[in-house]
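The residues making up each chain are set out below.
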Amino acid sequence: MADETNHNQAGEVAPSTVDKQAPSVAEEHAPSTDSPEATDIPTANTPDPKAANPEDNPNAAKPAAVPPKREKPAAAKAATAEKATDAAAEKPAAAAKAAKKEKAPSVEDKPFVEFIEQDYLPALQKAIAQQGVQDLQVSFAKQKVPITGFESAEECWQIIGSWSEIGKRQFNLYFPEEDIQGKKGFSCNEGKNPSTLESFLIDERKTTLDLLVYGLVQRLGGQKWLGRN
């Protein structure tokens, strides 16, 4: 039987056809590195677990369970309703209280002429009558100041009071600014024209009806024209 081993001219042993074919045969039966393997990386064909229907895909993410809404106990509901009722009842009460706090306009806020005629003159006559003067005559007019040196001055509103219980007595109360809060003057005489013009209630920050009455009564008392004088 002939030797299957081939010898080349140099005396070296050449590989047989079995050895030549061994690598190709091994490659055919060896596993390929190109075969697909399972991985954790999602592919374009894999459905999103959040978007998948749980009924079709058991691996789909299920939505979180929403806890059922707890109903308030009957006592809590009643307390809430009572608070709402109390709040609604307090609103009209608060509005009424705010209305009470708003001060009514005072008599001093009236227009000047209206205040003098309606409020000051009646109060002054009553106060002087209580001092024993029974024949007081009071008038309110806009005229010149009857004092020497004021002939060129403009006319101003004046309260003129007079009585003749003991001689002829007259006083004038002047309002040159037509405002009870403005400058005021006073003069008096007994049968003659007054010679001096005095300031009246110049130290008071706010003039009121009572203060006007009291100030004039005090000034006439200082003149000794009231009571038994």
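Residues numbered from 1 in each chain as written. Predicted model: local features only at pLDDT ≥ 70, side-chain atom pairs only at ≥ 80, totals over all residues. Heavy atoms only, no water.

**Brief notes about the overall build of the chain**
Move 1: Secondary structure assignment for the chain yields four helices and five strands.
Move 2: For the chain, the α and β elements follow one another from N to C terminus as α-α-α-β-β-β-β-β-α.
Move 3: Within the chain, the fraction of its 229 residues that count as buried is 24%.
Move 4: Partitioning the intrachain contacts of the chain with sequence separation of at least 6 by distance along the chain shows that 43% fall at a separation of at least 24. (Helix = DSSP H or I, 4+ residues; strand = E, 2+ residues; numbered from the N terminus. Buried < 20%, exposed > 50% of the residue type's maximum accessible area, 1.4 Å probe, protein only. Contact = heavy atoms within 4.5 Å.)

**Looking at the side chain of S162**
Move 1: If you trace the backbone, S162 turns up in strand β2 (residues 156–163).
Move 2: Dropping the residues within four chain positions of it, S162 is found in contact with D135, L136, Q137, K168, R169 and Q170.

**Some words on the pairing of strand β4 (residues 185–190)**
Move 1: Counting buried positions along β4 yields five of six residues, so the element is predominantly enclosed.
Move 2: One ladder, built from six bridges, connects strand β3 (residues 169–175) with β4; its direction is antiparallel. Within β4, the residue paired with Y174 across the bridge is G185.
Move 3: Note that β4 and strand β5 (residues 198–199) share two bridges and pair antiparallel. Bridge pairing in β5 links G185 to S199. (Pairing = 2+ DSSP bridges.)

**Regarding the packing of helix α3 (residues 112–129) against helix α4 (residues 209–222)**
Move 1: Relative orientation of the contacting elements α3 and α4 amounts to 40°, with a least axis distance of 10 Å. Classified by the angle their axes make, α3 and α4 are oblique. α4 is crossed by α3, and the crossing has right-handed handedness. Only L209, L212, V213, L216, V217 and L220 of α4 make contact with α3, whose side of the interface consists of F115, D119, Y120, A123, L124, A127 and I128.
Move 2: Here the contact of α3 with α4 is composed, by residue class, of twelve nonpolar, no polar and one charged. (Axes fitted to C-alpha atoms, helices over the stretch in contact; angles between N-to-C directions. Parallel < 35°, antiparallel > 145°, perpendicular 65-115°, else oblique. Left-handed = near helix turned anticlockwise from the far one by under 90°. Nonpolar A, V, L, I, M, F, W, Y, C, P; charged D, E, K, R; others polar.)

**Points about the nonpolar core**
Move 1: Of all hydrophobic cores here, the largest spans 31 residues; its most connected members are I116, Y120, I128, I159, F171, L216 and L220.
Move 2: When residues of this core are traced back to their parent elements, those giving at least two are α3, β2, β3, β4 and α4. (Core = buried A, V, L, I, M, F, W, Y, C linked by side-chain atoms within 4.5 Å.)

**Details of α4**
Move 1: Look at α4: 20 Å from first C-alpha to last across 14 residues, which is about the 20 Å you get at 1.5 Å a residue.
Move 2: Taken together, the buried positions of α4 are occupied by L209, L211, L212, V213, G215, L216, V217 and L220.
Move 3: On the buried face of α4, the contacting elements are α3, β2, β3 and β4.
Move 4: Once α4 finishes, K224 follows within two positions and takes phi at roughly 60°, a positive value. (Expected span 1.5 Å × (residues − 1).)

**Examining unusual backbone geometry**
Move 1: Its identity is not glycine, yet L201 carries a phi of approximately 55°, on the positive side.
Move 2: On the secondary structure map, L201 appears in the loop between β5 and α4.
Move 3: Owing to a relative accessible area of 19%, L201 belongs among the buried residues under this scheme.
Move 4: Positive phi is not limited to glycine here, since K224 has a value of about 60°.

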